[in-house]
Amino acid sequence: MSMREFNPKALMRKLSPNLRDKLLHQTNLLDEIAKRSHKKDPEKDRAYYAWSRIPELSRAVADRDLRRVWDMCGDKGRFYLAQAAQEIWSGDKTMLDAAEDMTNHDLAVSIYLASEKEFEAAYARLSVDDYSFRIKRKGKDVRDVESNDKKKRRMEDGIAAFFRSNRQGYRRCQVEDYSDADKLIIFVYHERRKRPEDKFDSKGNLITDWRKAVEPAMCVYYKSNGVLMVKAREKKLSRQLISLMGSVYFDDPLFFESLYLEEFDLQPVLKPDFEFDLLPGEGTTSATITSMTFVHPAARVGKVIIQVQGDHRKALHDMGLSPGKVKLDAIKIETWGDGRKYKNRRCIEIRLPDICNLTDTPRDRSLADCLERWGITGNENEPNAFELESLAASDSEREIVRSRIESRYQGENPGLGQ
């Protein structure tokens, strides 16, 4: 699945001719392009136009590799390409110096040609870091696990059985994995439900075509702390992936049932003495709250969303509300880079209990450290951030915990009570 819109014309134009031909040869396209090359095409785009004349079915496999190379050519991919270059050419100073001077496009193709294994590892790291995860689970203990073909087949069978049991019909899926010293990553590509799209038939008539698009889901298990992070479009699929990860890789479907319910605590930002403490060298020069979501304590209405300019506590005072009596549900924090380490604006969106848009990129990891320093990231060792499994030892205690959860979140996410 592409992380950027695929632009084959730009890819072939920006590559040096020698590397472009080697890439096309590696993907079994060079001979086909030579057959379909016309002198009437613009010289700098001749390879692209010849590629476009190849039947789509004939280049379907090759195009997937080209799309992945294109993803790595972006600015975000340069960091991971540099890491891969260190792994491949660690003993060759000449190649390392040459890699520093290469463009993103030439470096991506050079690494792909030198070692597809290292290229796939770099692509996996980029994919994980580019994801914003929705669900985090804590395992019963910390283990070092590895994947293999048998486990991947069990994952595929489990996902297919899940779709059938939910009356969603037959959906094809494919599981890919990547493992290093820090984490185990499981990529799940699966078909969505059939959806209608308009298209032209061979006679030029506008018709409806029912298609099953493919979309990705992802599971990442961190070996150092036993945390599993999952993202999927459907909540039911997310829960199934959590169960499958436990049963396939840890022989326990309930291995990840424990959940720290208060990953974030937004109340500290309403304290009179709260300030966004920023340290020199972090790359962030300013942080302000631009939006707050809460339930109005004096009105029988739904959630209130206010846009903030200036001090967020003053905005509440202007509404006649005391900050100490407001229970925040979500906030947006706007941060600005220092122009050297980080140049762009970054908006952090947090919604209780555990949803945040920060990914695993170097800048977002720095901002995550800021959230912890500001007291917004809940401390898992505090009593309020209780662990469901450790408290609910009996049926009566489980019922008490469930009622506390449902009352706290006002029925917005009744699944937490389960």
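1. A word on the packing of aromatic side chains
Aromatic ring pairs are described here by two measures, namely the spacing of the ring centres and the angle between the planes.
Piece 1. Scanning all chains against the criterion turns up twelve aromatic pairs.
Piece 2. Taken together, a centroid distance of 5.3 Å and an interplanar angle of 85° make the contact between Tyr112 and Phe119 edge-to-face.
Piece 3. Three or more aromatic residues link up through ring pairs in this structure, and these residues are Tyr221, Phe250, Phe255 and Phe256.
Piece 4. The side chain of Arg59 reaches across the aromatic face of Trp51, ending 4.0 Å from its centre.

2. Some remarks on the sheet that holds strand S1 (residues 135-138)
Piece 1. Strand order in the open sheet formed by five strands is S1-S7-S6-S3-S2, with antiparallel pairing between adjacent strands. Both edges of this open sheet fall to S1 and strand S2 (173-179), since each of them pairs with a single strand only. Strand-to-strand twist of the sheet, defined as the mean angle between neighbouring strand axes without regard to direction, takes the value 15°.
Piece 2. When S2 meets strand S3 (residues 183-191), the two strands line up antiparallel, connected through seven bridges. The partner of Ser179 across the bridge, within S3, is Leu184.

3. Quick look at the pattern of salt bridges
Piece 1. In the structure shown here, the tally under the stated rule is 25 salt bridges.
Piece 2. Close ionic contact of Asp21 with Arg20 constitutes a salt bridge, the shortest N to O distance being 3.6 Å.
Piece 3. Of the charged contacts in the structure, one is a salt bridge between Arg345 and Glu334, with a shortest N-O distance of 3.3 Å. With a gap of eleven residues between them, Arg345 in strand S11 (residues 345-351) and Glu334 in strand S10 (residues 328-337) connect regions that are remote in the sequence.
Piece 4. Here Arg345 falls in the partly exposed class, since its relative accessible area comes to 45%.
Piece 5. By sharing partners, the salt bridges in this structure join Glu32, Lys35 and Arg36 into a single network.

4. Remarks on the packing of helix H2 (residues 17-26) against helix H8 (residues 104-114)
Piece 1. At a minimum axis distance of 10 Å, the contact between H2 and H8 shows a crossing angle of 40°. By the angle class used here, H2 and H8 are oblique. H2 and H8 meet at a crossing whose hand is left-handed. Across the interface between the two elements, Leu19, Lys22, Leu23 and Gln26 of H2 pack against Asp106, Val109, Ser110, Tyr112 and Leu113 of H8.
Piece 2. Here the residues of the contact of H2 with H8 sort into five nonpolar, two polar and two charged.

5. Some points on the pairing of strand S8 (residues 284-295)
Piece 1. Taken together, the nine bridges between S8 and S10 define a ladder with antiparallel strand orientation. Its bridge partner being in S10, Ala287 is matched across the sheet by Thr335.
Piece 2. When S8 meets strand S9 (residues 303-307), the two strands line up antiparallel, connected through five bridges. Its bridge partner being in S9, Thr293 is matched across the sheet by Ile305.

6. Description of the packing of helix H6 (residues 75-88) against helix H9 (residues 116-129)
Piece 1. Relative orientation of the contacting elements H6 and H9 amounts to 145°, with a least axis distance of 9 Å. Considering how the two elements wind past one another, H6 and H9 form a crossing that is right-handed. Here Lys76, Gly77, Tyr80, Gln83, Ala84, Glu87 and Ile88 of H6 come into contact with H9, specifically with Glu118, Ala122, Arg125, Leu126 and Asp129.
Piece 2. Considering only residue class, the contact of H6 with H9 consists of five nonpolar, two polar and five charged.

7. Topic: unusual backbone geometry
Piece 1. Non-glycine residue Asn28 carries a positive phi angle of around 60°.
Piece 2. Checked against the element boundaries, Asn28 lands in the loop between H2 and helix H3 (30-36).
Piece 3. On the basis of relative accessibility, which here comes to 65%, the residue Asn28 falls in the exposed class.
Piece 4. Positioned with a positive phi, Asp251 is a non-glycine residue whose angle comes to about 55°.
Piece 5. By the secondary structure assignment, Asp251 is in the loop between helix H11 (235-250) and S8.

Rules and cut-offs
Each chain has its residues counted from 1, following the order in which its sequence is written. Predicted model: local features are reported for residues with pLDDT of at least 70 only, side-chain atom pairs are reported and counted for 80 or more only, and whole-chain, interface and lining totals are derived from all residues. Side-chain metrics rest on all non-hydrogen atoms present in the structure, leaving aside hydrogens and water. Classification of ring pairs uses Phe, Tyr and Trp, with its six-membered ring standing for Trp, and accepts pairs whose centres are within 6.5 Å; under 30 degrees between planes counts as stacked, over 60 as edge-to-face, and the remaining range as tilted. Whether a charge sits over a ring depends on NZ of Lys or CZ of Arg being within 6 Å of the ring centre and within 35 degrees of the ring normal. Pairing between two strands requires that DSSP report at least two bridges joining them. Counting from the N terminus, the helices are the DSSP runs of H or I reaching at least four residues and the strands are the DSSP runs of E reaching at least two. Here the axes come from fitting lines to C-alpha atoms, over the contacting stretch only for helices, and the angles between their N-to-C directions go from 0 to 180 degrees. By definition here, a salt bridge exists when the distance from a side-chain nitrogen of Lys or Arg to a carboxyl oxygen of Asp or Glu is within 4 Å. Only protein chains enter the accessibility calculation, which uses a 1.4 Å probe; a residue is then buried when its area is under 20% of its type maximum, exposed when over 50%, and partly exposed in between. Geometric relationships in this document are graded by angle, where less than 35 degrees denotes roughly parallel, more than 145 denotes roughly antiparallel, 65 to 115 denotes roughly perpendicular, and other angles denote oblique. Should the near helix be turned anticlockwise from the far one by less than a right angle, the crossing is termed left-handed; should it be turned clockwise, right-handed. Between two residues, a contact is recorded if the distance between any of their heavy atoms is within 4.5 Å. Gly is placed with the polar residues, together with every amino acid not listed as nonpolar (Ala, Val, Leu, Ile, Met, Phe, Trp, Tyr, Cys and Pro) or charged (Asp, Glu, Lys and Arg).

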